[in-house]
Amino acid sequence: MTAPVRLRTLDPHAYRPDFPILSKRVHGDVPLAYLDNAASTQRPRQVIQAIVEAYEEHYANVHRGIHTLAEESTALFEGAREKVRSLIHAPTVEQVIFTHGATAAINLVARSWGDSNLHEGDGVLVTEMEHHANLVPWHQLAERTGAKIQFIPVTDDGLLDLDKLDALLTERPRLVAVTAVSNVLGTINPLAEIIPRAHAAGALVLVDGAQSVPHQVTDAAAMDADFLVFSGHKMMGPSGVGVLYGKRELLESMPPFLGGGSMIRRVWIDSFTPADLPYKFEAGTPPIVPAIGLGAAIDYLNDVGLEAVHEHERRLTQRAHELLSEIDGVRILGPRPDQKAGIVSFWMGRIHAHDIAQRLDRRGIAVRPGHHCAMPLHKRFDVSATARASFYLYNTFEEVERLGEAVAECKHFFQRRR
Ligand code: PMP
């Protein structure tokens, strides 16, 4: 008999000293429990230091100079691109395009690929659980081209209703745009099933990896995604940098989106020829230091190990589900903990999510209230807002216990006032 594979357990206490902000106290002397990681994570000293060093010792604009600083800055920036390539297992570095975030990357695809390929009546298939970033650019594309948007519905359990997929695919959409992990439900979508089915129906697939790349191993080539996007600030990197990965032949066939410096090979007074990949899509000065910071964040993540991160978050989520389910009147949106990532969105009847978040904040617990840029999904579940706790590698079981106690206290507080 083979021994069961034991995943290495991650000790968050070993990493917390790297994150100065996590020892902050709020409202006088209340220790902070930062559970708002799906919105943005915190950065370790190693990332902050890499940013400081880049500015203090190596900074100049990239690619354009031949002086020492320009060469150092370019080497660091291109080094970061290689780190991204390796993280997502992209076949070549030219397929890694730096953008200003996941939103910018999706808009790039909608404008460049969408405008030149979609026509009146062509379909874009999204899901009912998409973040607005993977919805509105397709609405805008539909307004420009006459394309039509259809969606894969979400079941009551918070899973994609894949029974409907075949019927939707018979309409032969040109693109399926799907999130790897829902930023509200935490649902981990079965991309290994969706992508081949979409391809068999002749559609391309764009994967929104904003909530998956920071938390689990990603192999862009193996998953066979045509496009994959994500943001640096959700994985301990700086804000202002994100990534678009694409299949090479697709990226090569697409026209540049933004025009300007760096994205050209030659310019004449009345025309231009575009540069090669990836620069064709990187007009103007790119997010130089944010990309270098993202490279440092990837080093950090690799040291911790993404399998261990995923497993740790799974356990925290399991515990959060147990604790919140014990509180009468609390409803968790989304599937069972074993089907999801480290995101727990909940609501409590008539107690507004903003009141919950405010009450929790008094106890030092940072959660996010609202629709989390997923209004159609909230409408699907007939709730206007939820409170969302979301975890990362530095969160502890003690913090999850505090969350449970604070939500129970919150419920009693508002019940007494009614
Ligand atoms: N997609 C998902 C699933 C997200 O959670 C987010 C951020 N909340 C985005 C896209 C957009 O990312 P950004 O704001 O960094 O562009």
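Basis of the calculations
- Residues numbered from 1 in each chain as written.
- Predicted model: local features only at pLDDT ≥ 70, side-chain atom pairs only at ≥ 80, totals over all residues.
- Heavy atoms only, no water.
- Helix = DSSP H or I, 4+ residues; strand = E, 2+ residues; numbered from the N terminus.
- Rg over C-alpha atoms; globule rule 2.2 N^0.38 Å.
- Buried < 20%, exposed > 50% of the residue type's maximum accessible area, 1.4 Å probe, protein only.
- Contact = heavy atoms within 4.5 Å.
- Areas by Shrake-Rupley, 256 points an atom, 1.4 Å probe, with all protein chains shown as cover.
- Pairing = 2+ DSSP bridges.
- Axes fitted to C-alpha atoms, helices over the stretch in contact; angles between N-to-C directions.
- Near = heavy atom within 4 Å.
- Polar contact = N/O pair within 3.5 Å; in protein donor to acceptor, adjacent residues only side chain to side chain.
- Nonpolar A, V, L, I, M, F, W, Y, C, P; charged D, E, K, R; others polar.
- Core = buried A, V, L, I, M, F, W, Y, C linked by side-chain atoms within 4.5 Å.

S.K.: Please set out the overall build of the protein chain residue by residue, giving values where relevant.
M.R.: From N to C terminus, the protein chain includes 14 helices and 17 strands. Its C-alpha radius of gyration of 22 Å places the protein chain within 12% of the 22 Å reference for a compact globule of 418 residues. Over its C-alpha atoms, taken along the principal directions, the protein chain stretches across nearly 75 × 55 × 55 Å. Within the protein chain, buried positions represent 55% of all 418 residues. Across the protein chain, every contact between residues at least 6 apart in sequence was considered, and the portion connecting residues at least 24 apart equals 72%. Entry remark: accessible area of the protein chain is about 18100 Å², with carbon and sulfur atoms responsible for 52%.

S.K.: Hey, could you go over the sheet that holds strand 5 (residues 123–127) for me, with residue numbers and the actual values?
M.R.: Taken in spatial order, the seven strands of this open sheet run 4-10-9-8-7-5-6, and their pairing is mixed. For this open sheet the edge positions go to strand 4 (96–99) and strand 6 (148–152), each flanked by a neighbour on one side alone. Averaged over neighbouring strand pairs, the angle between their axes works out to 20 degrees when direction is ignored. Bridge count between strand 9 (residues 227–231) and strand 10 (residues 242–246): five bridges; the pairing is antiparallel. What sits directly across from serine 231, in strand 10, is glycine 242.

S.K.: How would you summarise the environment of glutamate 171 if you had to cite specific residues and measurements?
M.R.: Within the element layout of this structure, glutamate 171 appears in the loop between helix 6 (165–169) and strand 7 (175–179). With relative accessibility at 45%, the residue glutamate 171 sits in the partly exposed group. Considering only alpha carbons, one finds glutamate 171 and aspartate 122, 49 residues apart in sequence, at a separation of 9.1 Å. Non-local contacts of glutamate 171, meaning those with residues more than four positions away in its chain, are made with Lys148 and Gln150.

S.K.: Can you lay out the site of the ligand for me, pointing to particular residues and giving the numbers?
M.R.: The ligand sits among Ala102, Thr103, His131, Ala133, Thr179, Asn183, Asp208, Ala210, Gln211, Ser231, His233 and Lys234. Contact between the ligand and aspartate 208: a nitrogen atom at 2.5 Å from a side-chain N or O atom of the residue. Class assignment of the residues belonging to the shell around the ligand gives a composition of three nonpolar, seven polar and two charged.

S.K.: Describe the sheet that holds strand 14 (residues 343–347), with residues and values.
M.R.: Strands pair in a sheet through their backbones, by hydrogen bonds, and they do so in one of two ways: parallel or antiparallel. As summarised here, the arrangement of the four strands in space is 13-14-17-16, forming an open sheet in which the pairing is antiparallel. A single partner strand is all that each edge strand has here, and the edge strands are strand 13 (331–333) and strand 16 (368–370). Each neighbouring strand pair of the sheet contributes to a mean axis angle of 35 degrees, computed without reference to strand direction. Note: strand 14 against strand 17 (residues 386–390), four bridges, orientation antiparallel. Paired with phenylalanine 346 across the bridge in strand 17 is alanine 387. Packed onto the sheet, helix 11 (residues 306–325) meets strand 13 and strand 14 and runs at close to 15 degrees relative to strand 14.

S.K.: Break down unusual backbone geometry for me, citing the residues and quoting the values.
M.R.: Following leucine 277, the chain continues to proline 278 via a peptide bond in cis, the omega torsion being 0 degrees. Tracing the sequence through the fold places proline 278 in the loop between strand 12 (271–274) and helix 10 (288–304). Phi angles above zero are rare outside glycine, and histidine 27 is one such case at about 45 degrees. Tracing the sequence through the fold places histidine 27 in the loop between strand 1 (25–26) and strand 2 (30–31). Of the residues examined, histidine 27 reaches a relative accessible area of 37% and is grouped as partly exposed.

S.K.: Provide a residue-level description of the nonpolar core, including the pertinent values.
M.R.: Core analysis: the biggest nonpolar cluster contains 77 residues, and Val84, Ile88, Phe98, Val176, Met235 and Leu393 have the highest contact counts within it. Broken down by element, this core gets its largest block of residues, eleven residues, from helix 10. Apart from residues lying up to four places away in sequence, valine 84 is in contact with Val96, Phe98, Phe230, Val243, Leu294 and Ile298. Counting 29 residues, the second-largest nonpolar core is a separate cluster that includes Ile106, Leu251, Leu277 and Phe281.

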